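Read off the chains here:
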Amino acid sequence: MDTLFMLALATVVVILLFDYTNGFHDAANIVATVIASRAMTPVQAVIVVAGFEFLGPLLGGTAVANTIGSFVALDGVLPTLSLSILLCGLIGAIVWNLGTWYLGIPSSSSHALVGGLIGAVGVAVGAEHIVWGLRELADGHLTGIIKVLAALILSPLIGFWAGFALHRLLALLLRAASPAANARLRLAQFLTAAGLAFSHGANDAQKSMGILTLVLLLGGFIPHFEVPFWVMLACAVSMTLGILSGGWRIVRTLGFAIYRVRPIHALGSQLTAGLVIMAASLGGAPVSTTHVVATSIMGIGASERPRAVRWAKARDIATTWLVTIPGAALVAIQAYALLHLFLGEPP
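Because the structure is a prediction, the values reported are computed rather than measured.

**Student:** I tried to follow the environment of Gln206 on my own but got confused; where do I start?
**Tutor:** Take Gln206: it is sitting in helix H8 (residues 181-218). Take Gln206: its relative accessible area is 0%, and that puts it in the buried class. When sequence neighbours within four positions are dropped, the list of residues in contact with Gln206 reads Gly60, Gly61, Thr62, Ala63, Val64, Ala65 and Gly201. A polar side-chain atom of Gln206 sits 3.2 Å from the main-chain amide nitrogen of Ala63.

And the structure:
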């Protein structure tokens, strides 16, 4: 019981650390356009975003947490082994987050989490303990990895085309506006940035909530999978602290390196991303804020001046997206090997 309790405690701490890294890694996704368009100062942006980020996990329900908590099946696995697997999967995601943050690359924390867990579960107990969802898909139901990957793949496409269409609409509505309209567009971003922060908290913090609740279930600390309020609160606090730490390296990439963002573009990107992410949260679909924000900017740029979009930078980001799942999986496998070496035979 002592070993089990210590493993559970270590895994909970690492989950909250992942939530923290997710916060400062994804902070840039939320504040990049509002800073680039000069609607807010960096300090104002982080304060507004942090407040609504905190409310997202508390008021956004637990649909995403339920999805994340059910794409690995560790029933029948010894509790100490199952917690070791989750611990190594999280370490893989955290290391990947820190590496891409250091390089200023807006990769996906969601992809990193999925990749880390797939790698750790696959190497420790076999791929049969991963709920792929292929059988259910044949019956017309989305579940498991298929549901997660479908959300992660489709949401950037929706973000691109929604951003494209919304910018055309905004440009049409503002075609006769004077430059003074920029002041109102900047002011409106206080609402859209707050909405994007709320939707991000409602989606991303739930991923950690789902894994933390799974830890409690596998460790025998709760009788069935139901997210306790203290788990919601802890994940909300951890992500908010991460947001307050900021991710300024990635701000430069999203705010300036893809397309020259002005107030109309920033407003459109925030509105597009906020609506897409909130809809996904209500449907229990985990998405990547990084993907949705970046592709909404690309869609807006393509709608206005396709040649002005820095597609080379977009290709670099897309490449990072493609390698994140296998990269985080490899890190998790290495973490499991080190843990195995340290503890001897698998617990």
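**Student:** What is the right way to read the packing of aromatic side chains from this model?
**Tutor:** The geometry of an aromatic ring pair is captured by two quantities: the separation of the ring centres and the angle between the planes. One pass over the full model with this rule turns up two aromatic pairs. Site record: aromatic cluster; members linked through ring pairs are Phe160, Trp161 and Phe164.

**Student:** When you look at the pattern of salt bridges in this model, what are you seeing that I'm missing?
**Tutor:** Where charged atoms from two side chains of opposite charge approach closely, those side chains can pair. Overall, the coordinates contain two salt bridges when judged by the stated rule. A salt bridge links Lys207 to Asp204; the shortest N-O distance between them is 2.9 Å. Of this pair, Lys207 and Asp204 both sit in helix H8, three residues apart, roughly one helical turn. Among the residues examined, Asp204 registers a relative accessible area of 0% and is labelled buried. With a shortest N-O distance of 3.4 Å, Glu304 and Arg262 are connected by a salt bridge.

**Student:** Looking at this model, I keep getting lost on the environment of Ser303. Mind explaining?
**Tutor:** Tracing the sequence through the fold places Ser303 in helix H12 (residues 289-304). Residue Ser303 is classed as buried on the basis of its relative accessible area, which comes to 7%. Along the primary structure Ser303 and Phe164 are separated by 139 residues, whereas in three dimensions their C-alpha atoms are 5.1 Å apart. Aside from chain neighbours lying at most four places away, what touches Ser303 is Phe164, His167 and Arg168. One polar contact links the side chain of Ser303 to the main-chain carbonyl oxygen of Phe164, over a distance of 3.2 Å. At a separation of 3.0 Å, a polar atom in the side chain of Ser303 contacts the side chain of Arg168.

**Student:** Looking at this structure, how should I read the nonpolar core?
**Tutor:** One recurring pattern in soluble globular proteins is that nonpolar side chains are buried together. Ranked by size, the top nonpolar core spans 53 residues in total, and within it Phe71, Leu74 and Ile85 carry the most contacts. Ranked by the residues each element gives to this core, the list is headed by helix H4 (residues 79-103), at ten residues. Residues in contact with Phe71, not counting those within four places in the same chain, are Val114, Leu117, Ile130, Val131, Gly144, Ile145 and Val148. Counting 40 residues, the second-largest nonpolar core is a separate cluster that includes Ala39, Ala193, Ala197 and Val276.

**Student:** I keep staring at the packing of H4 against helix H5 (residues 109-125) and nothing clicks. Help me out?
**Tutor:** Pairs of packed helices are described in terms of their axes, by the angle between the two and the distance that separates them. Contact geometry for H4 and H5: axes closest at 8 Å, N-to-C directions at 140 degrees. As judged from the angle between their axes, H4 and H5 are oblique. Of the two possible hands of crossing, H4 and H5 adopt the one that is right-handed. Residues Leu81, Ile85, Leu86, Cys88, Gly89, Leu90, Ala93, Trp96 and Asn97 of H4 form the contact with H5, whose own contacting residues are Ser109, Ala112, Leu113, Gly116, Leu117, Ala120, Val121, Ala124 and Val125. Of the residues in the contact of H4 with H5, the class split is 14 nonpolar, four polar and no charged.

**Student:** Hey, could you run me through a nonpolar patch on the surface in this one?
**Tutor:** A surface patch of nonpolar side chains, about 470 Å² in accessible area, is lined by Phe5, Met6, Leu9, Val13 and Phe221. With respect to the helices and strands, Leu9 occurs in helix H1 (residues 2-36). The partly exposed category is assigned to Leu9, whose relative accessible area is 40%.

**Student:** Would you explain unusual backbone geometry in this entry?
**Tutor:** The backbone of Arg38 shows a phi angle near 65 degrees, a positive value even though the residue is not glycine. Structurally, Arg38 is set in the loop between H1 and helix H2 (42-59). With relative accessibility at 69%, the residue Arg38 sits in the exposed group.

**Student:** Looking at this model, I keep getting lost on the packing of H4 against H8. Mind explaining?
**Tutor:** Relative orientation of the contacting elements H4 and H8 amounts to 165 degrees, with a least axis distance of 9 Å. Relative to H8, the element H4 is oriented roughly antiparallel. Seen along the crossing, H4 lies across H8 with a hand that is left-handed. Listed contacts from H8 to Pro79, Ser82, Leu83, Leu86 and Leu90 of H4 are Ile211, Leu214, Val215 and Leu218. Its residues assigned to classes, the contact of H4 with H8 comprises eight nonpolar, one polar and no charged.

**Student:** Which parts of the structure should I look at to understand the environment of Ala294?
**Tutor:** Note on placement: Ala294 falls in helix H12. As for Ala294 and Ala138, which are separated by 156 residues in sequence, their C-alpha atoms are 32 Å apart.

Quick notes on the rules
- Residues numbered from 1 in each chain as written.
- Predicted model: local features only at pLDDT ≥ 70, side-chain atom pairs only at ≥ 80, totals over all residues.
- Heavy atoms only, no water.
- Helix = DSSP H or I, 4+ residues; strand = E, 2+ residues; numbered from the N terminus.
- Buried < 20%, exposed > 50% of the residue type's maximum accessible area, 1.4 Å probe, protein only.
- Contact = heavy atoms within 4.5 Å.
- Polar contact = N/O pair within 3.5 Å; in protein donor to acceptor, adjacent residues only side chain to side chain.
- Phe/Tyr/Trp six-rings, centres within 6.5 Å; stacked < 30°, edge-to-face > 60°.
- Salt bridge = Lys/Arg side-chain N within 4 Å of Asp/Glu carboxyl O.
- Core = buried A, V, L, I, M, F, W, Y, C linked by side-chain atoms within 4.5 Å.
- Axes fitted to C-alpha atoms, helices over the stretch in contact; angles between N-to-C directions.
- Parallel < 35°, antiparallel > 145°, perpendicular 65-115°, else oblique.
- Left-handed = near helix turned anticlockwise from the far one by under 90°.
- Nonpolar A, V, L, I, M, F, W, Y, C, P; charged D, E, K, R; others polar.
- Patch = residues over 30% accessible without salt bridge, like charges linked within 9 Å, V, L, I, M, F, W, Y side chains within 5 Å.
- Areas by Shrake-Rupley, 256 points an atom, 1.4 Å probe, with all protein chains shown as cover.

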